[in-house]
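# A closer look at the structure
Listed here are the chains, written in short residue letters.
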Amino acid sequence: MPELAEVEFFRKRWAQAATGQRVVRVLTHDTKKILRGVDLPALRGAITGATLKVSAARAKQMAFRFSGGAWLGIHLGMSGELFVKPANYTPEKHDHLVLLTARHALVFKDPRMFGGVEFHLGSEPPRWWTKIAPAISSEAFTIEAVAAFLRRRARAPIKAVLLMQERFPGVGNWMADEILWRAAIHPTRQAGSLRPAEVRALWRECRSVARRALATIAGRGDYLPPDLNAHIPRSWLFWHRWEDGGRCPKTKKPLARATIGGRTTCWSPARQKRVARAASPHPKKQASRPRSR
DNA sequence: GTATTTGTTGTTGC
DNA sequence: TGCAACAACAAATA
């Protein structure tokens with residue numbers, strides 16, 4: 001499940017319950033996969049008795065910082081989730097890491113075990129945190145940077161390129177489809193074949209989808225939605241991409257599905273054409289984008 | 001029993 | 001060298 005906004009949702013869930021709280025105990029399970037490469041005794045020693053100070057999410061990575069200079073990194077992989085349970089919670093089969101505070105159990109559950117945990121002790125941020133590309137919402141995410149990246153990946157399908165974390169940090173399968181659908185670009189188009197107007201549309205929709213996904217999925221300020229999808233509008237491709245006989249929310253025409261770039265991809269053939277639209281002397285009016293708020 | 005899954009990494013081959 | 005494609009990782013679900 002977890003892409004950019006879902007990761008922030010889960011981070012916030014732990015942060016709301018435990019920021020400022022002391023960890024009294026650390027439980028671990030299945031050290032072979034999720035916790036591979038982690039110095040468990042060091043992690044346990046540093047985090048037991050430490051207080052959760054601050055946390056942040058970048059792309060699909062989370063960092064929880066504790067007193068004493070301990071950094072706990074969590075990547076949810078394909079099926080990972082974070083929960084907050086009562087302190088007397090009994091860990092279940094796929095609960096790989098559980099932090100106990102006086103009142104809560106912070107649970108990292110991951111059935112498929114593609115996720116991972118990182119640990120670092122020190123005042124300097126660890127490499128697994130600093131190496132993450134600048135956020136899509138940052139000023140560094142410019143049209144020029146996107147255009148240059150598309151040139152370098154000129155022969156790959158644009159869908160595959162959008163999944164590359166080095167330039168589109170946090171974008172996963174559904175966000176990539178949502179972005180292409182809104183930008184009206186066919187997912188198999190070669191990245192290098194996009195016209196300047198299409199590159200601009202792609203850039204704009206990257207920023208728009210990232211911003212709106214964060215606002216609707218992870219909430220604003222202190223507010224955390226009751227569940228991940230509670231506020232996602234029906235007008236997004238999101239809700240229709242897996243539906244049998246699903247229809248494009250914009251054109252009402254049938255959606256198509258195929259494996260592109262190794263991932264199941266959903267698009268609207270009526271809206272996303274295989275070839276670039278010819279330049280028009282009367283550019284189509286922009287799809288309405290209420291800039292409210 | 002088969003095919004599917006919203007992620008990442010290592011390998012292979014061009 | 002750089003890039004693109006693909007298998008592998010593991011387990012639940014339909």
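Please refer to the structure placed before this passage.
Residues numbered from 1 in each chain as written. Chains lettered and ligands numbered in written order. Predicted model: local features only at pLDDT ≥ 70, side-chain atom pairs only at ≥ 80, totals over all residues. Heavy atoms only, no water.

## So, the sheet that holds strand β7 (residues 104-109)
One open sheet holds the four strands; their spatial order is β1-β6-β7-β5, and the pairing between them is antiparallel. At either margin of the open sheet sits one strand with a lone partner, and together these are β1 (25-28) and β5 (81-86). For this sheet the average axis-to-axis angle between neighbouring strands, irrespective of direction, equals 15°. Relative to β7, β5 is paired through six bridges, and the arrangement is antiparallel. When the sheet's bridge partners are listed, Lys85 is paired in β7 with Ala105. Where helix α1 (residues 4-18) meets the sheet, its contacts fall on β5, β6 (95-100) and β7, and the angle it forms with β5 comes to roughly 25°. (Pairing = 2+ DSSP bridges. Helix = DSSP H or I, 4+ residues; strand = E, 2+ residues; numbered from the N terminus. Axes fitted to C-alpha atoms, helices over the stretch in contact; angles between N-to-C directions. Contact = heavy atoms within 4.5 Å.)

## Examining unusual backbone geometry
Its identity as a non-glycine residue notwithstanding, Ala59 has a phi of 50°, on the positive side. By secondary structure assignment, the location of Ala59 is in the loop between β2 (52-58) and β3 (61-66). Unusually for a residue other than glycine, Met113 sits at a positive phi of about 60°. Residue placement: Met113 occurs in the loop between β7 and β8 (116-121). Judged by its relative accessible area of 22%, Met113 is partly exposed. (Buried < 20%, exposed > 50% of the residue type's maximum accessible area, 1.4 Å probe, protein only.)

## A word on the protein's contact with DNA strand C
Inspection of the region around DNA strand C gives 13 residues, with His94, Arg112, Arg152, Arg153 and Arg155 positioned closest. In DNA strand C, the atoms that sit within 4 Å of the protein are 62% sugar and phosphate, with bases accounting for the remainder. A distance of 3.3 Å separates a phosphate oxygen of DNA strand C from a polar atom in the side chain of Arg152. Here a phosphate oxygen of DNA strand C sits 3.1 Å away from a polar atom, N or O, in the main chain of Arg155. Its residues placed into classes, the surface near DNA strand C shows six nonpolar, one polar and six charged. (Near = heavy atom within 4 Å. Polar contact = N/O pair within 3.5 Å; in protein donor to acceptor, adjacent residues only side chain to side chain. Nonpolar A, V, L, I, M, F, W, Y, C, P; charged D, E, K, R; others polar.)

## Here we look at helix α2 (residues 40-47)
Leu40, Leu43, Ala46 and Ile47 are the residues of α2 that are buried. Considered in projection along α2, the buried side chains sweep an arc of 140° and stay on one side of the axis. Relative to its buried face, α2 has exposed residues pointing more than 90 degrees away, namely Pro41 and Gly45. Elements in contact with the buried residues of α2: β1, β3, β4 (70-75), β6 and β8. A positive phi of about 90° marks Gly49, the residue just after α2. (Arc of directions from axis to C-beta.)

## Examining the packing of α1 against helix α7 (residues 196-217)
Where α1 meets α7, the axes come as close as 8 Å, and the angle between the chain directions of the two elements is 30°. Of the two elements, α1 crosses α7, and the hand of that crossing is right-handed. Here Leu4, Ala5, Glu6, Glu8 and Phe9 of α1 come into contact with α7, specifically with Ala210, Ala213, Leu214 and Ile217. Within the contact of α1 with α7, the residues separate by chemical class into seven nonpolar, no polar and two charged. (Left-handed = near helix turned anticlockwise from the far one by under 90°.)

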